[in-house]
Amino acid sequence: GGDGGVCGTANIFPEKLVSIYNLWKEGNIKEARKVQMNLRPLREAYKLSSFPSTVKSCMEIIGYPVGPPRSPISTPDEEVIQQLREVLNKYEY
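In this text the structure is predicted, and so the values were computed from the model without any measurement.

Peer 1: Help me out: how do you make sense of the overall build of the protein in this one?
Peer 2: Across its full length, the protein holds 6 helices and 0 strands. Seen through its C-alpha atoms, the protein measures out along the principal axes to roughly 40 × 35 × 20 Å. By the burial criterion, 30% of the 93 residues in the protein qualify as buried. In the protein, of all internal contacts separated by at least 6 residues, the share reaching a separation of at least 24 is 54%. Taken as a whole, the protein presents about 6,400 Å² of accessible surface, with 52% of it coming from carbon and sulfur.

Peer 1: What is the right way to look at the packing of aromatic side chains in this model?
Peer 2: The description of two aromatic rings rests on the distance between their centres and on the angle between their planes. The full count for this structure, using the stated rule, is 3 aromatic pairs. When the ring of tyrosine 21 is compared with that of tryptophan 24, the centres are 5.9 Å apart and the planes differ by 35°; the resulting orientation is tilted. Remark: tryptophan 24 and tyrosine 21 occur in helix α2 (residues 14–25); sequence separation between them is 3 residues, near one turn of the helix. Since its relative accessible area comes to 52%, tryptophan 24 is described here as exposed. Between tyrosine 46 and phenylalanine 51 the ring centres are 6.3 Å apart and the planes differ by 65°, which places this aromatic pair in the edge-to-face class. Residue phenylalanine 51 is classed as exposed on the basis of its relative accessible area of 52%. Taking the ring centre of phenylalanine 13 as reference, the NZ or CZ of lysine 16 above it sits at 5.7 Å.

Here is what the cut-offs are and how they apply
- Residues numbered from 1 in each chain as written.
- Predicted model: local features only at pLDDT ≥ 70, side-chain atom pairs only at ≥ 80, totals over all residues.
- Heavy atoms only, no water.
- Helix = DSSP H or I, 4+ residues; strand = E, 2+ residues; numbered from the N terminus.
- Buried < 20%, exposed > 50% of the residue type's maximum accessible area, 1.4 Å probe, protein only.
- Contact = heavy atoms within 4.5 Å.
- Areas by Shrake-Rupley, 256 points an atom, 1.4 Å probe, with all protein chains shown as cover.
- Phe/Tyr/Trp six-rings, centres within 6.5 Å; stacked < 30°, edge-to-face > 60°.
- Lys NZ or Arg CZ within 6 Å of the ring centre and 35° of its normal.

So this is what it looks like as structure tokens:
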């Protein structure tokens, strides 16, 4: 019954998500799709652990101290954190 939501990726790369919307609004669907597809590796990385722990970990990695997830969700293990770092290193932030 909700009227909207907040995309987890928008917490990490708000400018990229805003650009997708603005490009779409301008009718530049091809470029909007290109930016959208560029985010696929990050979105796929969310599957490495439970949501929202992966989003919170990504935010911590890029310098936003958001803290750990609330129980019963736990912080991903160091192997997953390293994989998230590798994915994020492909982006400018």
